Amino acid sequence: MVSSLAVPVSLAEIARLAGVGRAAVSNWRRRHESFPERIGGTDVSPQFSLTEIEVWLRENKKLKRDTEREWLWPQFEALGSRDAAGLAVAAAGREMSGAQDAVSDESGLSDEARRLVGRAAELGRRGGALETFEFLLRRWLDVNVRQISTTPEALATLMADLAHTAGALADDEGCRGVRTVLDPACGTGHLLAAAAAHAPARLIGCDRDPVLAELAEARLMLVSGPSQGGPASEVRAADSLRADPFGEVRADVVLCNPPFNERDWGYEELATDARWAHGVPPRTEPELAWVQHCLARLSPGGTAVLLLPPAVASRTAGRRIRGSLLRTGQLRAVVALPPGCAAPHSVSLQLWVLRMPGSGQEPAPGEVLLVDAASRFPRTHARDSLPDWAAFNSFVRSAIDAATVREGGASAWPEFVRSVPVIDLLDDEVDLTPGRHIAPAPSGAGSRRAESWEEFGRVAAALDEAGGRLAALELAGQETGTPSTATVGELARAGALTLRGGQQPADGTVCEGQPDADGVPLLTVPDLLIDGEPHSWISTADTEAEGTVVARDGDVVVAGVARAFSAWVHQGRPTVLGPQLYALSVHPEQLDAWFLAGSLRAPANARQAGTHASSSSRVDVRKLQVRQVSLAEQQTYGEAFRQVAAFDKAVRRLSALGTGLVRDLSDDLAAGRLAGMT
């Protein structure tokens, strides 16, 4: 049993409970001697007693109203395990839906869990059942984000929309609509919940994780169950590939985000399974097993939409099955998504749209729609934020609409969309990757190329000017004697600079992508190895946590690892530094920042300060050396270092532009688009 006294809460949770930023809580902790002592955690991520915090907030009149959900969640989390908290949240959802025997004696819930379920149900009756359940589910998923992968809401909505758009179901009596939707790997029910928004339908789900299945069932009861005027839905806990509990069901729509890259999916015991109409999936192609499983569960004329990794479209082992899907006309479209749409976020995932022929044996279509949304919505950096979801979804829907209305025979398709004859895809590779078959439209490519050439000219001119200035520098010959130097550690002890080392932010505070209005970018060593730009962020309130290091304009930042060693003057918005990154704040009456950064980044410095020869070794920043010269001489050298840094930036940008132009020109020339030469 968990008593409320034993329930731990973090600084971030206290901030939510009080309705303030984390900085305010840290300030209370410093200023008020009566603030409760931590009962666990670390100095960087302390934990406090929920009961003691509640008493303190009440006594100091800092208790926020209307935060019952926030007070409730830490008690669910304190039940002790992922499964215990998840099952309790599911039971609360079922009770809020009005289901009979929502918390039976066989549920396995502890007395404390039953008490929390009752409190959550009461809160749901007063504050909205679905809203309360979704809050608890979201918090549970946030805590277990590394163990559970979900389909983002916007992508789930798009998949449901595509299934309904591409599946214009009709029989002799006209449109009969979607009556049954199936997700054979439903997780917590994101795809089924999105499908419920279209029209009342029987929702069927299956997941091999019993906790996820319980949560999905509770969610569907609240979204579209009998209490909401919809048909009864059903979710079961089972491995649908090995032992499908809905083997006799035929659905009008199947939506699925199956597990990726699993080797133990049942290859041996399922070798003679009747579902493999297009061939036995190789052991290394579990995703193609899921594709055929979904097709086997479709009713005549039904549509399936699956989220798949890009390798499924091109791996050699799967080409025979891909060829069969093309020849039978069951694969209707492949949509390449920009990286970041869903986990794994660094990969450009794909949507496959499949259709089961109707009862009238529709002729197999001669073309397949390919949509390269990854090129239509490119990202500047490897893990940059997504494009506007509304524009992105509109583009994909319009491509599917065009294929449905125009039957693939259009004389002109939108840019990044093409209807490809099946015969052109049935080569030795049967590669269905959209980018391999879609060349940018000449008009759009010409406009972008003109912009690239214009920027190339500007950067080249700036580079020529900067190069001229640097070439004119008069460099003295080899100096006699050993110059007087000081280490960073010695400069810090002398008060010439302040040295601070970055740390990993507390769990649950880091968000992927670009920061919102209240966020601060987080720079890490992996970011430096990708492109040098921050790819995650934390909230402004979380920057006040103990140990958090923020680099501000004019600070010198040093990467203290050999494979990414560098030093530069930080310019622009404040940025939080992760582990092995250091902020050096100089005292301008003693040190010039540009002189310090230029001196520290010298390759000889890294060799002298490295702990060993490996590229993964750390660099002892305190041992990096700087020549001891007057401030006036520092400023002279600092200006030269500034010009070298600008030159380096221009060289890198010119190289990137040149590489892109060479690639685009080569594509156009190979396609025969040369109009003439001068």
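All figures in this text were calculated on a predicted structure; none of them were measured in a lab.

Peer 1: Account for the packing of helix α6 (residues 111-127) against helix α7 (residues 129-143), with residues named and values stated.
Peer 2: Packing of α6 against α7 brings their axes to within 6 Å, and their N-to-C directions diverge by 130°. Between α6 and α7, the angle falls in the class oblique. For the pair α6 and α7, the contacting residues are Ala-120, Leu-123, Gly-124 and Gly-127 in the first and Ala-129, Glu-131, Thr-132 and Leu-136 in the second.

Peer 1: How would you explain the packing of helix α5 (residues 82-96) against α6 if you had to name every residue and give the values?
Peer 2: Where α5 meets α6, the axes come as close as 9 Å, and the angle between the chain directions of the two elements is 40°. Considering their axes alone, α5 and α6 lie oblique with respect to each other. α6 is crossed by α5, and the crossing has right-handed handedness. Only Ala-113, Val-117, Gly-118, Ala-120, Ala-121 and Gly-124 of α6 make contact with α5, whose side of the interface consists of Ala-88, Ala-91, Ala-92, Glu-95 and Met-96. A per-class count over the contact of α5 with α6 returns 8 nonpolar, 2 polar and 1 charged.

Peer 1: Can you lay out the side chain of Arg-275 for me, pointing to particular residues and giving the numbers?
Peer 2: By the element assignment, Arg-275 lies in the loop between β9 (251-256) and α11 (286-296). There is a polar contact of 2.8 Å between the side chain of Arg-275 and the side chain of His-293. Look past the residues within four positions of Arg-275 in its chain and what remains in contact with it is Ser-240, Leu-241, Leu-270, Gln-292, His-293, Ala-296 and Arg-297.

Peer 1: Lay out the nonpolar core in plain terms, naming residues and giving numbers.
Peer 2: By size, the foremost hydrophobic cluster in this structure holds 48 residues, and its most contacted members are Val-181, Leu-255 and Leu-351. Among the elements that take part in this core, helix α8 (residues 153-166) stands out by supplying 8 residues, more than any other. In contact with Leu-351, other than residues within four places in its own chain, are Leu-158, Met-159, Leu-162, Val-305, Leu-306, Leu-307, Ala-333, Val-334, Val-335 and Leu-337. Grouped together as the second largest cluster of nonpolar side chains are 42 residues, Val-254, Trp-276, Ala-289 and Trp-352 included.

Peer 1: Quick rundown of the side chain of Arg-82? Include the residues and the values.
Peer 2: Note that Arg-82 resides in helix α5. Take Arg-82: its relative accessible area is 19%, and that puts it in the buried class. Among residues more than four places away in sequence, those in contact with Arg-82 are Trp-140, Asn-144, Gln-147, Ile-148, Asp-209, Val-211 and Leu-212.

Peer 1: Tell me about the sheet that holds strand β1 (residues 8-10), and name the residues and values.
Peer 2: Backbone-to-backbone hydrogen bonds pair the strands of a sheet. The strands run either parallel or antiparallel. Reading across the sheet, the 3 strands line up as β1-β3-β2 and stay open at both edges, with antiparallel pairing between neighbours. Each edge of the open sheet carries a strand with a single partner, namely β1 and β2 (40-41). Sitting on the sheet, helix α3 (residues 50-59) touches β1 and β3 (46-49), and the angle it makes with β3 is about 75°.

Peer 1: Hey, could you go over the pattern of salt bridges for me, with residue numbers and the actual values?
Peer 2: Where charged atoms from two side chains of opposite charge come close, those side chains can pair. Evaluated as defined, the whole model comprises 29 salt bridges. One salt bridge in this structure joins Glu-269 and Arg-242, with 2.7 Å as the shortest N-O distance. Taken together, the residues span a long stretch of sequence, with Glu-269 in the loop between β9 and α11 and Arg-242 in the loop between β8 (234-237) and β9 at a distance of 27 residues. A salt bridge links Arg-283 to Glu-268; the shortest N-O distance between them is 2.6 Å. One end of the pair, Arg-283, is in the loop between β9 and α11; the other, Glu-268, is in the loop between β9 and α11, with 15 residues separating them in the sequence. Note on Arg-283: relative accessible area 37%, which makes it partly exposed. In this structure, a network of salt bridges that share partners links the residues Asp-239, Arg-242, Asp-264 and Glu-269.

Peer 1: Tell me about the packing of aromatic side chains, and please be specific about residues and values.
Peer 2: Inspection of every chain in the model, using the stated rule, returns 10 aromatic pairs. Judged by centre distance (6.0 Å) and plane angle (70°), the rings of Trp-265 and Tyr-267 are edge-to-face. Centre to centre, the rings of Trp-265 and Trp-276 are 6.3 Å apart; their planes meet at 80°, and the pair counts as edge-to-face. Remark: Trp-276 occurs in the loop between β9 and α11 and Trp-265 occurs in the loop between β9 and α11; sequence separation between them is 11 residues. On the basis of relative accessible area, Trp-265 is assigned to the buried category, the value being 3%. Given the relative accessible area of 8%, Trp-276 is considered buried. Linked through ring pairs, Trp-28, Phe-35, Phe-48 and Trp-56 together constitute an aromatic cluster.

Peer 1: Tell me about unusual backbone geometry, and name the residues and values.
Peer 2: The omega torsion of the bond from Ala-343 to Pro-344 falls at -5°, within 30 degrees of zero and hence cis. Non-glycine residue Asn-261 carries a positive phi angle of around 55°. Looking at where Asn-261 falls in the secondary structure, it is placed in the loop between β9 and α11. The phi torsion at Val-430 lies on the positive side, around 50°, for a residue other than glycine. Mapped onto the elements of the fold, Val-430 is located in the loop between α15 (422-425) and α16 (434-437). Judged by relative accessible area, which is 6%, Val-430 ranks as buried.

Rules behind the numbers
- Residues numbered from 1 in each chain as written.
- Predicted model: local features only at pLDDT ≥ 70, side-chain atom pairs only at ≥ 80, totals over all residues.
- Heavy atoms only, no water.
- Axes fitted to C-alpha atoms, helices over the stretch in contact; angles between N-to-C directions.
- Helix = DSSP H or I, 4+ residues; strand = E, 2+ residues; numbered from the N terminus.
- Parallel < 35°, antiparallel > 145°, perpendicular 65-115°, else oblique.
- Contact = heavy atoms within 4.5 Å.
- Left-handed = near helix turned anticlockwise from the far one by under 90°.
- Nonpolar A, V, L, I, M, F, W, Y, C, P; charged D, E, K, R; others polar.
- Polar contact = N/O pair within 3.5 Å; in protein donor to acceptor, adjacent residues only side chain to side chain.
- Core = buried A, V, L, I, M, F, W, Y, C linked by side-chain atoms within 4.5 Å.
- Buried < 20%, exposed > 50% of the residue type's maximum accessible area, 1.4 Å probe, protein only.
- Pairing = 2+ DSSP bridges.
- Salt bridge = Lys/Arg side-chain N within 4 Å of Asp/Glu carboxyl O.
- Phe/Tyr/Trp six-rings, centres within 6.5 Å; stacked < 30°, edge-to-face > 60°.

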